[in-house]
Structures are given as structure tokens and as C-alpha cells.
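# Structural overview
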Amino acid sequence: MAEVDESQFSIMSLEDELTCSICLSTFDCPVTIPCGHNFCQDCLLATWKESYSCPQCRTLFATRPELKKNTVLTAVVETFKVRSSKSEPNLAAEESQVKKKEIIRCDTCMEAEASKTCFTCMASYCEEHLRPHRENPIFRLHSLSEPVGDLLERICPDHHKLMELFCSQHDRPICSFCLQQVHKGCSFTTPDEQRSRKESDLRSNLGLLDGKIVKNETIIFEMKDMQNKLKDLATSRKRALTAEYQQMREMLVQDERDALNAVDREVETGQTKLRVLMKKFGDNIDNMTKAKEEIHSLLSRSQTQAFLQAPFNLPQAINFEPYSPKISLDSKKVLASQAFAAALKQHLTELFKQPVESRLPLNTPGECMDTFFKSDVLKQWPLKKYSSTSVIPRVWAARKCNPITLENVISDPVALGLHIDLYTLHMTAWHYQFIANSLCCLCVFLSLPDGTVLTFNPRTAHKRIALTENFTKASVSDEHINYPDCPERFAVCSQVLASKGFSTGRHYWEVRLSSSNFVGIGLAYNSIDRKGPTSRLGRNAQSWCVEWFNVKLSVWHNSSETVLVNPNPKRVGVLLDCEAGTATFYNVADRAYPFHSFMFPFAQAVYPAFWIFSSGSSITLCKLQ
């Protein structure tokens, strides 16, 4: 026993060494950095914002060091926590024992400790005063128990009798008189039976709570791991964004510096001209002032003979008329710089008004224009009458009209749905950029098929998915729907298939998302598993899926994941080309932007498939004209 105490003392003496110097608490997932110091992983990451240095010795690292868990230190910390937890219950047990030693006195002598309590006499007695109950037959029927300190609480306040029964209906203890009067006809039991039943219920509740606590702790652990991954991903994304914006800031600062220098040069030129003129006019003032003094001197001697003979000539400055020069900063370079700054500000203002996901990529205008007008496809595609929702460019023309050419675009751009005028074609490169992007979007939709009408198949819907609005809206329900059991129904994952599959032709449909979070849109063969753990979309060879999971967008097929940039759409379009073996997904906003394509051979008919996990989320099949 002494050895155990001594080992416990030795491990407890390491408390200072097992404490993180940042949070001053016992290490939680300790990691070691190259300088040899240890910290909690979360504490260390919280201090690494812009630079990477040791919080203890201030050693600076050029790049972020790779963090690995210190397994030896983790084991020591766990041992320390176990030893600490063992000592704390002992203290709690001692305190509870002190509380339990509440002394109940004899109601007769009021001095000795009570040995028994009589529920018939409603009094507690020591061994001396309990002798009549043990020796006199008269007290043989009296009910004795271990000493009880709450006798007054066991007496009925209405009848002053022992409450030896428990009313199950009113959930309160009662006496025999209460049972005959107020509680007549109520179901009752003994307090011991009620106590046993309640203890059993509470113990079952403890088991339920323990299970829930374990599940919550598991989820919290997963969320902490997700937090760390999100922090790492955010750090890399922020570093990339910072570099891009820093370059833009440097370009703007340089351009601003050049524009300000041009203004400074104009100011210096004007100042130099003004200084020359001011010096000349100042010299003229001095010469004319001397002439005035000479005149006054002569006038003071006007009565002398010398006055009559004194010569006097006006200075040459009297012939020079002073003027204020017209100096401004309206040189061509200054005006051009100011106009460019105003135009750039206006363009950026209009651009920043749009949501980030709706902003067009700023490609080189010539690239899109050359690609569009040199395409062999355009020579073969005559225009046809096509209309869909307002987000798709509309093309109104006869089926037998000429192919799209540069001349046709300039002569009648409105017929192509571009909504531009001739003046726009002669504006700056920013306008050409708009035209190029518009034409590229038009290319995508020139040969789109008519919108495909889809509905959800209720025989495939998981019992947590509620189908409404004529089977065109699917949402997650908190309660299971009373669907009949059938082989086609998904039993593990909250998924549903469309009622129509495709094996030939080209088809297009759109879905509206209530929130692009914990949802998936894809395709699946009818042979996809419905019951097993691999029945989730993209986790098998029979399905393809685009999935939004929390802040991450991924594409899945055969359990292989590829992470994409998240466009965070509210409406998604799917173009299925069975002959080409492709399925393209579009972010549909003011225009439609493709963000991923699957290429696969069609071994059998494919069905539009959907996964919804988050409660309150929904997917609606859009009706296209």
C-alpha cells in the first residue's frame, strides 16, 4: 500500500511538468515543435495567426512546422488524470460519510442516540427506553425500523396519522383515512414499492443518459477534428487570397503613385512659372519704389536751382503690364489618370454588387471571341427557337436562318438574347469582356434539349423523406413516414430516385435547393443497393454524385472523392448526354456556369438521384417551359 501511495505521490508531483504553458491546464492532445517544447494542439494553433514561433522560447520558424502527437506525453497525462480522479472520489466519499453521520436522539431522554424508531408511537428510542417494546407483549404489534429523522414529514397534516400508503394517481403519500375520504377509489401502493419503482426508473434513465453522453462526446470529438481541418483549410485559402489581393494592392498602389506623381509634376511646373513671374513683378516693384523715392527727394528740393536742372527718367517696369497667368492641372495625363480611376471605381462597384458566386471569370476578351467565332460547331448549328427559364439565354430565330456569324451578332444582337447595342461593341475592353462571356454562355445552350419533366418515385423514398407538391418536392422529416415496405425503398440513407430513367438521347433538368448544405444531386443505376452500408450515392460503382457536406463541395463515384470549389448555388441544372456518356452540372444564376462533368459508359438506364440529410432542407424539381 505504501508503494502505491509513493508512486501516486511521484506521478502527482509531475503536475507542473504536465501543464500547458498557454492555457495553464493539463495537456490536451499534446504536440511537440522543433525547439522541443510541448503545447496543447488547439492552444498552439490559436497563437499561430500570421507567423510561426514558439510561445515559450520565441524561436521563429520560416514555415509552419508539421505537428505530430506526442504519444509518450499523452500516456503520462492519461495516467496522471486517472490517479487524480481516483483521489477525488475518496474525498467525496469522506464528505458523504460525515453527512451521513447525522445523530438522531432518543425522544424520551433527549440525550442518548436513538436505536430504533416506532412508527406506531411516532417516536425514536434509545436501547434503554426501547426495552418496553422488546419485553412487553402490548408493544408486540408496533412497527419498528432503523432510526428515522423525518418523522414529522411522515404524518398526515389532515388526520395526524402515519402516511403508510402512496397514491399513484396524485403522486403523493397518504394515510388510511385519506384513502377512505379524499382519495377514495384511487390506485395506491406502499412507499417501499413506489420507492423501488422510482429507483428502477431513475437507473434506466441513467443508462439512457450515459448512452446519450457517449454519443454526444463522440460527435464533439468528430467536430473538434473537423474544426482543426477547417482551420488548416482556411489558413491555406486565406494565404492564397492574401497573395492575390496583395498583388492587386501593389498594382493599384503603383498606379496611384504614378498618377499622383503626374499631378506633382504638373504642380511643380506651375509653381516654377509662378515663381519666375513673382520674382519679375517683385523686381519691378523695387524699381518703381526707388523711382518714387527719387521723385519725393526732388520734390523736397523744388525751390532750389538744382531742382530745375536735376534729370529724372521713369524705369522700364512702368511699361510692363502685370498679369495673372492661367495655370491648371488639366493636362492630358492628369485628366486620363483621373478618368481611369473613376471608371475603374465604377466598374468595381458594379462588380462587387453581385454575389461572389455570380461574378464572371475575367478571361481575356480575345480568347473567348476567337474561340467563339472560329468554332467549327457554329458553322454547323443553325439557330432554332428555344425558350426556358429567364436564367438561360433565349434565342428567337427561324429554324432555317443563317448560322451565327460576327456580322449577324453586330447587325442583330438582340435576336441572340445578348441585349447589347452597336455602341457597346465600340467601347472599352471591359465591354468586350462582357460580350465574350455572354457569347460563351450562349454556346452552351444553343443545342440544349427541351426541359425534362421529372417527379420523385415514392417507392424509392427513404422513410425520413417527405414528398409533397405532386411528388416534385422532397424534404427531410423529423418523424418516419408510414411508407409501405418494398424492395426498391432506400432503408439506410435518406435518398430518393426520380420516377424516370434515361438510356438514350439528351436531357436537361433543374432543381432548387433550400440550402446547399448536406445535400447531394447525382445519377444512379436502378441496380444500386438499397439496404447496405454502401447504398449512399457515390459510394459504389452504380452511382455518381455531387455532394455539399457542410462547407465542402465534393464529387463522388465508387467511394472516390474529388473536392471542388464551392459555388454555393440555389439552383442546379443537369445536362445528360447518353450518346456522349457525359453528365454536366451547372450553377444556374443570372447565367448558367458548368462546375463539373462526369464521363462514364451507360451500361443501363440511369435515374436522377438525390440525397438529403439536414433536417429542414429540401430539393424541388423545377418545371421548365
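The shown structure was predicted, so the numbers you read here are calculated from the model rather than taken from an experiment.

## Topic: the overall build of the protein
Counting its regular elements, the protein contains 12 helices and 24 strands. For the protein, the proportion of its 625 residues judged to be buried stands at 32%. Taking all contacts inside the protein whose residues are at least 6 apart in sequence as the whole, residues at least 24 apart take part in 54%. When the accessible surface of the protein is totalled, it reaches about 40000 Å², and 56% of it is carbon and sulfur.

## Thoughts on the nonpolar core
V511, I521, W548 and F585 are the most contacted members of the largest nonpolar core, which has 38 residues in total. A per-element tally of this core places strand β16 (residues 519-525) first, with 4 residues. Residues L18, V31, F39 and L73 belong to the second largest nonpolar core, which totals 18 residues.

## What about the sheet that holds strand β1 (residues 30-32)?
By way of backbone hydrogen bonds, the strands of a sheet pair with one another, either parallel or antiparallel. Pairing is antiparallel in the open sheet, where 3 strands are placed in the order β2-β1-β5. Among the strands making up the open sheet, the edge pair consists of β2 (38-40) and β5 (68-69). Where β1 and β2 come together, 3 bridges link them in antiparallel fashion. Within β2, the residue paired with V31 across the bridge is F39.

## Section: the packing of helix α6 (residues 191-300) against helix α8 (residues 332-353)
Interaxial distance between α6 and α8 falls to 9 Å at its minimum, and their mutual angle equals 145°. In this structure, α6 crosses over α8, and the sense of that crossing is left-handed. Between α6 and α8, the residues in contact are L252, D255, A259, A262, V263, R265 and E266 and K333, V334, S337, F340 and L344, respectively. Taken together, the residues of the contact of α6 with α8 break down into 7 nonpolar, 1 polar and 4 charged.

## Details of α6
Spanning 110 residues, α6 covers only 137 Å between terminal C-alpha atoms, well under the ideal 164 Å at 1.5 Å per step. Listed in full, the buried residues belonging to α6 are Q194, N228, A262, G270, L277, F281, N284, A291 and L298. Where the residues of α6 are buried, they touch α2 (41-47), β9 (165-167), β11 (188-189), α7 (305-309) and α8.

## Here's the deal with the side chain of E547
By the secondary structure assignment, E547 is in strand β17 (residues 543-549). Taking the relative accessible area as the measure of exposure, E547 reaches 4% and is therefore buried. A distance of 3.0 Å separates a polar atom in the side chain of E547 from a polar atom in the side chain of R536. At 3.0 Å, the side chain of E547 and the side chain of R539 are in polar contact. Setting aside residues up to four positions removed in sequence, E547 forms contacts with V519, G520, R536, R539, K552, L553, S554, W556 and W611.

## Observations concerning the sheet that holds strand β7 (residues 123-125)
The strand order across the open sheet formed by 3 strands is β7-β6-β8, and the pairing between neighbours is antiparallel. With partners counted over all chains shown, the strands left at the sheet margins are β7 and β8 (144-145), one partner each. Across 2 bridges, strand β6 (residues 116-118) lies against β8 in antiparallel orientation. The partner of C118 across the bridge, within β8, is L144.

## So, the UniProt feature "domain: RING-type" (unreviewed entry) in the protein
This chain's UniProt record puts "domain: RING-type" (unreviewed entry) on residues 20-58. The span residues 20-58 shows a helical share of 18% and a strand share of 21%, and its end C-alpha atoms are spaced 16 Å apart.

## Regarding the environment of S617
Topologically, S617 is positioned in the loop between β23 (606-612) and β24 (618-621). According to the relative accessible area criterion, S617 is buried, its value standing at 3%. For the pair S617 and V476, spaced 141 residues apart in sequence, the C-alpha separation works out to 6.2 Å.

## What about the environment of K463?
Relative to the elements of secondary structure, K463 occurs in the loop between α12 (429-445) and β12 (465-468). For K463, a relative accessible area of 23% translates into the label partly exposed. Every residue in contact with K463, bar those within four places of it in the chain, is listed here: E479, H480, I481, Y483, D485 and R489. A polar side-chain atom of K463 sits 2.8 Å from a polar atom in the side chain of D485.

## Description of the environment of C175
Among the secondary structure elements, C175 is positioned in the loop between β10 (172-174) and α5 (176-180). Accessibility expressed as a relative area gives 0% for C175, which makes it buried. Sequence spacing of C175 and H160 is 15 residues, and the spatial spacing of their C-alpha atoms is 8.7 Å. For C175, the residues in contact, after removing those within four places along its chain, are C156, H159, K161, L162, M163, E164 and L165.

Criteria and thresholds
Residues numbered from 1 in each chain as written. Predicted model: local features only at pLDDT ≥ 70, side-chain atom pairs only at ≥ 80, totals over all residues. Heavy atoms only, no water. Helix = DSSP H or I, 4+ residues; strand = E, 2+ residues; numbered from the N terminus. Buried < 20%, exposed > 50% of the residue type's maximum accessible area, 1.4 Å probe, protein only. Contact = heavy atoms within 4.5 Å. Areas by Shrake-Rupley, 256 points an atom, 1.4 Å probe, with all protein chains shown as cover. Core = buried A, V, L, I, M, F, W, Y, C linked by side-chain atoms within 4.5 Å. Pairing = 2+ DSSP bridges. Axes fitted to C-alpha atoms, helices over the stretch in contact; angles between N-to-C directions. Left-handed = near helix turned anticlockwise from the far one by under 90°. Nonpolar A, V, L, I, M, F, W, Y, C, P; charged D, E, K, R; others polar. Expected span 1.5 Å × (residues − 1). Polar contact = N/O pair within 3.5 Å; in protein donor to acceptor, adjacent residues only side chain to side chain. UniProt positions renumbered as here; feature names shortened; annotations may be inferred.

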